[in-house]
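Read off the chains here:
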Amino acid sequence: MTTPCIITVAITGSVPTKADNPAVPITVPEQVESTQASFEAGASLAHCHVRNDDGTTSSDPEKFGRLVEGLKKHCPGMIIQLSTGGRSGTGRERGGMLPLRPDMASLSTGSCNFPTRVYENSPELVDWLSAEMIKYDVKPEIEAFDLSMIFQAVKMEEAGKIKGPLHVQFVMGVKNAMPVDKETFDFYVKTLKRIAPQATWTGAGIGKGQLMLNRWSLEAGGHCRTGLEDNIRWDESGKLAPSNAALVKRLADLCAEYGRRPATTAEARQILGLAA
């Protein structure tokens, strides 16, 4: 296996707080600093949420704008992916940052249960978000919490609602959604190759499943996601992860066990079909 691995760092998310782990970056300057350290450790793609200074969730385009500006300055060439996730806002508010023209944005193509709520993505909202991404030349990352979301993404690509080739992220380990299960993961990979042979993919494990998904993805030739958004702990002993950069470095070092190496930003852009 010689394909370089795109390492995504999910730096903040909408759920973890400093009370959970003091290393979680909340303010824009903290996020820029944490992402720069992760970039230097081997991450080539940053998955970004923004928060209010008190830690509450936000989808404020102004905050996203300051974050994008900081990342472009301090992480030259890094792929910037903004979240349109439902924990940060409601309705079309979730896509209010797309006019910033980030390289990528997340897109879930269906609904599912989360720990305490329904993660709702109505067909109308999904169509609107995907249309905005085409309008502003933003490549979607399909956040697949369920097998049906992969099939829906392929249908949308065939209908011209998503510009291909697809990039899909298999999200496993969210309570009440798809668990971390090796046979299901293998089926995801096999199915995507069958119905969208040009697609690329990333594995994302939540909580204690993070490192397991990293290993499965490296072995299967895919790409990997890590970061404090998904996992605030270093290991199953309960020890807290020291930083996003530490999680990235562990993953970068892990690549060698599978004959892989972290992708450079130029390689990551080429793999995903993004402008240099």
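Residues numbered from 1 in each chain as written. Predicted model: local features only at pLDDT ≥ 70, side-chain atom pairs only at ≥ 80, totals over all residues. Heavy atoms only, no water.

Things to note about the nonpolar core
Reasoning step 1: Membership of the largest hydrophobic core comes to 64 residues, with the highest contact counts inside it found for L166 and F170.
Reasoning step 2: Excluding residues within four positions of it along the chain, L166 makes contact with I142, A153, V154, E157, A196, A199 and T200.
Reasoning step 3: Among the nonpolar cores identified, the runner-up in size contains eight residues, and I6, L45, M104 and L274 belong to it. (Core = buried A, V, L, I, M, F, W, Y, C linked by side-chain atoms within 4.5 Å. Buried < 20%, exposed > 50% of the residue type's maximum accessible area, 1.4 Å probe, protein only. Contact = heavy atoms within 4.5 Å.)

A closer look at the pairing of strand 12 (residues 223-226)
Reasoning step 1: Here strand 12 shows two buried faces, one formed by H223 and R225 and the other by C224 and T226.
Reasoning step 2: As paired strands, strand 1 (residues 7-10) and strand 12 are joined by three bridges and run parallel to one another. From the neighbouring strand, T8 faces strand 12, where its bridge partner is R225.
Reasoning step 3: As paired elements, strand 11 (residues 200-205) and strand 12 share two bridges and run parallel to each other. The residue of strand 12 that forms the bridge with G203 is C224.
Reasoning step 4: Traced from strand 11 through helix 6 (residues 210-220) to strand 12, the parallel crossover comes out right-handed. (Helix = DSSP H or I, 4+ residues; strand = E, 2+ residues; numbered from the N terminus. Pairing = 2+ DSSP bridges. Right-handed = clockwise from strand over helix to strand, strands pointing away.)

Observations concerning unusual backbone geometry
Reasoning step 1: Cis geometry is adopted by the peptide bond preceding P165, which originates at G164 and carries an omega value of -5°.
Reasoning step 2: Position of P165 among the secondary structure elements: in the loop between helix 4 (147-158) and strand 10 (167-172).
Reasoning step 3: Phi is positive for N176, which is not a glycine, with a value near 80°.
Reasoning step 4: The topology assignment puts N176 in the loop between strand 10 and helix 5 (182-195).

Looking at the packing of helix 4 against helix 5
Relative orientation and spacing of two packed helices are given, respectively, by the angle between their axes and the distance between those axes.
Reasoning step 1: Where helix 4 meets helix 5, the axes come as close as 11 Å, and the angle between the chain directions of the two elements is 15°. The orientation of helix 4 relative to helix 5 falls into the category roughly parallel. Taken as a pair, helix 4 and helix 5 cross one another with a handedness that is right-handed. Of the residues in helix 5, those touching helix 4 at L147, I150, F151 and V154 are F187, Y188, T191, L192, R194 and I195. (Axes fitted to C-alpha atoms, helices over the stretch in contact; angles between N-to-C directions. Parallel < 35°, antiparallel > 145°, perpendicular 65-115°, else oblique. Left-handed = near helix turned anticlockwise from the far one by under 90°.)

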